[in-house]
Protein chains: 2
Amino acid sequence: MNSGLIPSDQLELSPILTHITVMISDDSLAAFRAILGEKGFIENPDDIEPWVHDWRGRYHGTARAILAPATTAEVAAAVALAAERAVPLVPQGGNTSMVGGATPPADGSALILSLRRMNHIRAISASDNLAVCEAGVILSNLHEVAEAIGRRFPLSLGAKGSATIGGLISTNAGGTQVLRHGTMRALVEGIEAVLPDGSIHYGLEALKKDNRGYDIKQLLIGAEGTIGIVTAASLRLVPAIADRAVGWTCVQTPHDALALLRLAESTIGKVVEGFEVLGDETLTAVLNLLPGARCPTATRSPWHILIEVDLDSLEGPSARDRLETALGAAFEQGLINDAAIATNETQAEEFWRLRESLSQAERSLGPALQFDVSVPVASMPDFMIQAGKAAERAFPGTSTSSFGHLGDGNVHFHVRAPQGVDGPLWIAESGPVISAFVHDLVVVAGGSISAEHGIGQMKRAELGRLASPAQLHALRAIKAALDPQGIMNPGKLIPLASDT
Amino acid sequence: MNSGLIPSDQLELSPILTHITVMISDDSLAAFRAILGEKGFIENPDDIEPWVHDWRGRYHGTARAILAPATTAEVAAAVALAAERAVPLVPQGGNTSMVGGATPPADGSALILSLRRMNHIRAISASDNLAVCEAGVILSNLHEVAEAIGRRFPLSLGAKGSATIGGLISTNAGGTQVLRHGTMRALVEGIEAVLPDGSIHYGLEALKKDNRGYDIKQLLIGAEGTIGIVTAASLRLVPAIADRAVGWTCVQTPHDALALLRLAESTIGKVVEGFEVLGDETLTAVLNLLPGARCPTATRSPWHILIEVDLDSLEGPSARDRLETALGAAFEQGLINDAAIATNETQAEEFWRLRESLSQAERSLGPALQFDVSVPVASMPDFMIQAGKAAERAFPGTSTSSFGHLGDGNVHFHVRAPQGVDGPLWIAESGPVISAFVHDLVVVAGGSISAEHGIGQMKRAELGRLASPAQLHALRAIKAALDPQGIMNPGKLIPLASDT
């Protein structure tokens, strides 16, 4: 049985040991079934099948059963049993990981622990601006419930119809509203979790001040289920949007784009909630993809910007007036020479549809390697230009593009295959060397090889290659201290000895 | 020599072992001196004396030397040597701890490592809203440097003339601006630190998005120097105050005070930066203390409120207009029936002087036990009333008061001695039982026994008594994993086996 970090290392090296470790006994399965009941124990292969692959079809695992507890007490009992019998568990929410973070090992050595039945919003309060959600609550459900009481939960992303609160916390999810409201970390006020020994960490109280030592909540956020299973959280709500204005403008360089953001924030305050940047070539691909779509501005420049201003109250100038003030100041400073402000909600949605079609449009340009990277905000304009040039020079025939959340120092950086090559073959052959090249550029710029998607399986080896000795030691020491048997989400996040 | 958590437990139990462990060899001292030079190695007892007691004179230690490295490399070298020779270190900044967190052990088994020579502001940028400060930078110095470039660092407290950035981070300091800007945790964007093995964690880059596993930065914030020494940090700056209005009003109950805050935030936005609450009896004590001071309002009610509105820009209604709007709405709802708004800066400072004299005025009312506690904000009004009544009932002759940061769910709760008793004797005899009583009430209310001062030596045993098994286990496991020899700030924060 897989009983710790060191055996898990050996798993990769020794096929024979692998064979020995995969056996989860029938007796153990029966014990889990006894704790969780028929509804909480899924062993029909057809019911398991959809959950052992990631949604993009890149990672494939097997599992003899899915454990589906309905309460925190059941999670605790299941984890305690797993600890007793050294059965590894892979926590899973909506299975929307971009890095294979929720896919079980291929050798069947682990069970999936699904939080989807824990989908209750335990409490919600407009006066306290708080919602207490179980881990399996789907993001879009929380959006609806918050809206019904005149509040909103200001984090959203493409997978909102599947992604769950527990997964969003465990991956410290981002999205398009981070600029104003922060990542998931900034929105979690309290956490309830089951630790690897089956004990329950009770921390749902939303305390604005609490200095009782190491912050377990902060440690669990972004831990990818490797040191505990988040079962519920207290989440911060914000006022509903009282007034909104969406604009489109274009600039000559990413530097001008960042200058525009700074100018806007200094003239109209911290009310810019959306600030998405894309290159003109990418926009062309979007316009080719969407029938009837057109560029909102009459003139085109090399870089386009979607900008949204949101107000919580109707106090002071309107959102539109503020956006006009900001754009007017940018005209005066010569940063922009054309801009459009949506005149109604339909037009605003059309502007956003251009942004939301970017990934699909990029795919239409051919096979590409995609990087989710961040650098300090002030360095991002240089990075966008220089990294693109450097990659195109190093890998002749490739072309690059970057788009996304410039104001967060986080763009999605793509390296497209040379014209005419076989896509899958090119990715298989050139992927590792191009990835290493791009990640090295990120490290030189003081950035992160994972801005918002996490490490999972996909970036584990690269983290092992690039993390500082101090960081690697701390990651491994904390993992070993809290999960000495290595039963929590094995093979994710923590670089193995063979990775470094 | 003290070589880990278990020996450290035994220290308390075995005086003989204590005697054995105190010896730091002359050879070790010479090795530290060789690394740090004459300026970085203080062994004159007169120069050491001011730093081995806490500023309130409650904790007394001894140390054969103070190590005073001038650079991160010197800190790393000193810690590596300490690890090699198992010499415990007590990190120290301004020595302003309220809980004995920076006082060395009495047995002389540790050396002080002072960060005060690391007092450079390495970089500051108005456009990036960032300052990179070494650990020994004094808070008021940062205030001045930020002001000089049209920005401010929005955290302040009484000890700002002595407290250092490293200590403020290691204790996750609070203050009167937390309502709007958060505690130190919300203002730290990056950290450089030396871990207990002498390795350096390089994390100064201010990345808005970074999902590379457990957040070492968050773990070090509030860790009280027990798992590493913060050597520098990137700190968030905010715009200078463009417009300010300070008001005073009074209400019948703490519930009305909280309703007033919520009403203000919903009518004029998140621009309330100060919201301090005090009882009428406490105000009377302040007025008796300060010659010529008077209550800003003509009428008096049981509870008084100082409220400050701060604007970053001159966009929209003025701070005074907004405060009038909020107070006007409160009049209409019958929450208040009198209010005053300072007409100039001198008057505003007079209002604040009343607040800042509270601690001194409370002392004039006689000996008291003081508690720095928090509960969820919505529960604080009930807590203020019920905890006061319960303590007065349980300990006849005592009287209670609470004042401070209602909007953070954090008040300073005082239990005053019965009239005529010997203060020190009463504190010695009744202190432990009254403390346990108050802390139990806090736990029942879902709160924290340390809102902003930390655990240090003072609250370690109470944390051991009251923390959940899961929390205690996590604290001890992380400490043991990162500091296996127990050389970082021994005796602080982590409850010993004998405490539980």
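It should be emphasised that the depicted structure is a prediction, and the values quoted were computed from it without experimental measurement. (Residues numbered from 1 in each chain as written. Chains lettered and ligands numbered in written order. Predicted model: local features only at pLDDT ≥ 70, side-chain atom pairs only at ≥ 80, totals over all residues. Heavy atoms only, no water.)

A.B. asks: Hey, could you run me through the UniProt feature "domain: FAD-binding PCMH-type" (unreviewed entry) in chain A in this one?
C.D. replies: Mapped onto this structure's residue numbering, the UniProt feature "domain: FAD-binding PCMH-type" (unreviewed entry) falls at residues 59-240 of chain A. In residues 59-240 of chain A, the share of helix is 24% and the share of strand is 24%. The end C-alpha atoms are 39 Å apart. (UniProt positions renumbered as here; feature names shortened; annotations may be inferred. Helix = DSSP H or I, 4+ residues; strand = E, 2+ residues; numbered from the N terminus.)

A.B. asks: I keep staring at the packing of helix H3 (residues 26-36) of chain A against helix H5 (residues 72-85) of chain A and nothing clicks. Help me out?
C.D. replies: Describing two packed helices takes the angle between their axes plus the distance from one axis to the other. Residues and elements named next belong to chain A. Contact geometry for H3 and H5: axes closest at 10 Å, N-to-C directions at 165°. Comparing their axes, H5 and H3 come out roughly antiparallel. In the crossing of H3 with H5, the sense of the turn from one axis to the other is right-handed. Every residue of H5 that contacts H3 at Asp27, Ser28, Ala31, Phe32, Ile35 and Leu36 is listed here: Glu74, Ala77, Ala78, Leu81, Ala82 and Arg85. (Axes fitted to C-alpha atoms, helices over the stretch in contact; angles between N-to-C directions. Parallel < 35°, antiparallel > 145°, perpendicular 65-115°, else oblique. Left-handed = near helix turned anticlockwise from the far one by under 90°. Contact = heavy atoms within 4.5 Å.)

A.B. asks: Honestly, the side chain of B:Ser357 in this entry has me stumped. Any pointers?
C.D. replies: Relative to the helices and strands, B:Ser357 resides in the loop between helix H14 (345-356) and helix H15 (358-364). Residue contacts for B:Ser357: discarding those within four places in its chain leaves B:Val286, B:Leu289 and B:Leu290.

A.B. asks: Is there a simple way to explain the sheet that holds strand S9 (residues 200-203) of chain B in this structure?
C.D. replies: The strands making up a sheet associate through hydrogen bonds between their backbones, and the pairing can be parallel or antiparallel. Residues and elements named next belong to chain B. Here 5 strands make up an open sheet; going across it, the order is S5-S6-S10-S8-S9 and the pairing antiparallel. Both edges of this open sheet fall to strand S5 (121-125) and S9, since each of them pairs with a single strand only. Put simply, the sheet's adjacent strands are angled 15° from each other on average, direction ignored. In this sheet, strand S10 (residues 229-236) lies alongside strand S8 (residues 188-194) in antiparallel orientation, the contact comprising 6 bridges. When the sheet's bridge partners are listed, Glu192 is paired in S10 with Ala232. Where helix H6 (residues 139-148) meets the sheet, it contacts S5, strand S6 (130-134) and S10, and its direction lies at approximately 35° from that of S5. (Pairing = 2+ DSSP bridges.)

A.B. asks: Can you walk me through the packing of aromatic side chains in this structure?
C.D. replies: Any two aromatic rings considered together are summarised by their centre-to-centre distance and by the angle between their planes. Residue and element names in this part refer to chain A. Scanning the model with the defined rule gives 8 aromatic pairs over all chains in all. Through a chain of ring-to-ring contacts, three or more aromatic side chains come together here, namely Phe371, Phe383 and Phe413. Just above the ring of Trp51 sits the side chain of Arg116; from NZ or CZ to the centre is 3.3 Å. (Phe/Tyr/Trp six-rings, centres within 6.5 Å; stacked < 30°, edge-to-face > 60°. Lys NZ or Arg CZ within 6 Å of the ring centre and 35° of its normal.)

A.B. asks: Help me understand the pattern of salt bridges, please; the structure alone is not making it clear to me.
C.D. replies: When charged atoms on two side chains of opposite charge get close, those side chains can pair. In the structure shown here, the tally under the stated rule is 54 salt bridges over all chains. With a shortest N-O distance of 2.8 Å, A:Asp483 and A:Lys479 are connected by a salt bridge. Among the residues examined, A:Asp483 registers a relative accessible area of 1% and is labelled buried. A:Lys479 gets classed as buried once you look at its relative accessible area, which sits at 4%. Here B:Arg180 ties to B:Glu273 by a salt bridge, and the two come within 3.2 Å at their closest N and O atoms. In this pair, B:Arg180 is assigned in helix H8 (residues 178-181) and B:Glu273 in strand S13 (residues 272-279), connecting sequence segments 93 residues apart. Through salt bridges that share partners, A:Arg152, A:Arg180, A:Glu273 and A:Asp312 make up one connected network. (Salt bridge = Lys/Arg side-chain N within 4 Å of Asp/Glu carboxyl O. Buried < 20%, exposed > 50% of the residue type's maximum accessible area, 1.4 Å probe, protein only.)

A.B. asks: Whenever I open this one, the relation of the copies chain A and chain B confuses me. Can you help?
C.D. replies: Each of the two copies of the chain can be brought onto the other by a rotation about an axis and a shift along it. When chain A is fitted to chain B, the best match, at an RMSD of 0.0 Å, comes from turning it 180° and sliding it 0.0 Å along the axis. On the angle and the small slide along the axis, the relation comes out as a two-fold axis. For chain A, the minimum C-alpha distance to the rotation axis belongs to A:Gly316 and amounts to 2.4 Å. Mapped onto chain B, 100% of the interface residues of chain A again fall at the interface, so both copies present the same surface. (Least-squares fit on C-alpha atoms with pLDDT ≥ 70 in both.)

A.B. asks: Looking at this model, I keep getting lost on the domain arrangement of chain A. Mind explaining?
C.D. replies: Residue and element names in this part refer to chain A. Each domain of chain A was delimited in the assignment, giving domain 1 (26-114), domain 2 (121-239), domain 3 (243-361) and domain 4 (366-445). Its C-alpha centre places domain 1 at a distance of 22 Å from the equivalent point of domain 2. Taken together, the contacts link 11 residues of domain 1 with 15 residues of domain 2. At the boundary of domain 1 with domain 2, total buried surface from both sides reaches about 1000 Å², with 72% on carbon and sulfur atoms. Taken together, the connections running from domain 1 to domain 2 amount to 0 salt bridges. If you look at where domain 1 meets domain 2, you find 2 residue pairs in polar contact (both at pLDDT 80 or more). Looking at which element gives the most residues to the side of domain 1 that touches domain 2, the answer is H5, with 6 residues. (Domains from an automatic or database assignment. Buried area = accessible area lost by both parts, 1.4 Å probe. Polar contact = N/O pair within 3.5 Å; in protein donor to acceptor, adjacent residues only side chain to side chain.)

A.B. asks: Hey, could you run me through the interface of chain A and chain B in this one?
C.D. replies: One frequently used descriptor of interface size is the decrease in accessible area upon assembly of the parts. On the chain B side, the residues contacting the 68 residues of chain A number 68 residues. Summing both sides of the interface, chain A and chain B together bury roughly 5600 Å²; the carbon and sulfur share of this comes to 60%. Of all residues in chain A, A:Lys209, A:Asn211 and A:Tyr214 give up the largest surface area on contact with chain B, accounting jointly for 19% of the area buried on that side. At the boundary of chain A with chain B, the tally comes to 6 salt bridges. Two residues, B:Asp215 and A:Arg185, come together in a salt bridge whose shortest N-O distance is 3.6 Å. Applying the counting criterion to the chain A and chain B interface returns 26 residue pairs in polar contact (both at pLDDT 80 or more). Listing elements by their share of the side of chain A that touches chain B, those giving two or more residues are strand S9 (200-203), helix H10 (216-220), helix H11 (254-268) and helix H19 (469-482) of chain A. Here the side of chain A that touches chain B takes 10 residues from H19(A), the largest share from any one element.

A.B. asks: What am I meant to see in the sheet that holds strand S6 (residues 130-134) of chain A here?
C.D. replies: Residues and elements named next belong to chain A. Here we have 5 strands laid out as an open sheet, ordered S5-S6-S10-S8-S9, and antiparallel in their pairing. The two strands at the open ends of the sheet, each matched to only one other strand, are strand S5 (121-125) and S9. On average, each strand axis in the sheet is inclined to that of its neighbour by 15°, with strand direction left out of account. One ladder, built from 5 bridges, connects S6 with strand S10 (residues 229-236); its direction is antiparallel. Note that in S10 the partner of Leu130 across the bridge is Arg236. Helix-sheet contacts for H5 involve S5, strand S8 (188-194), S9 and S10, and the interaxial angle to S8 is about 45°.

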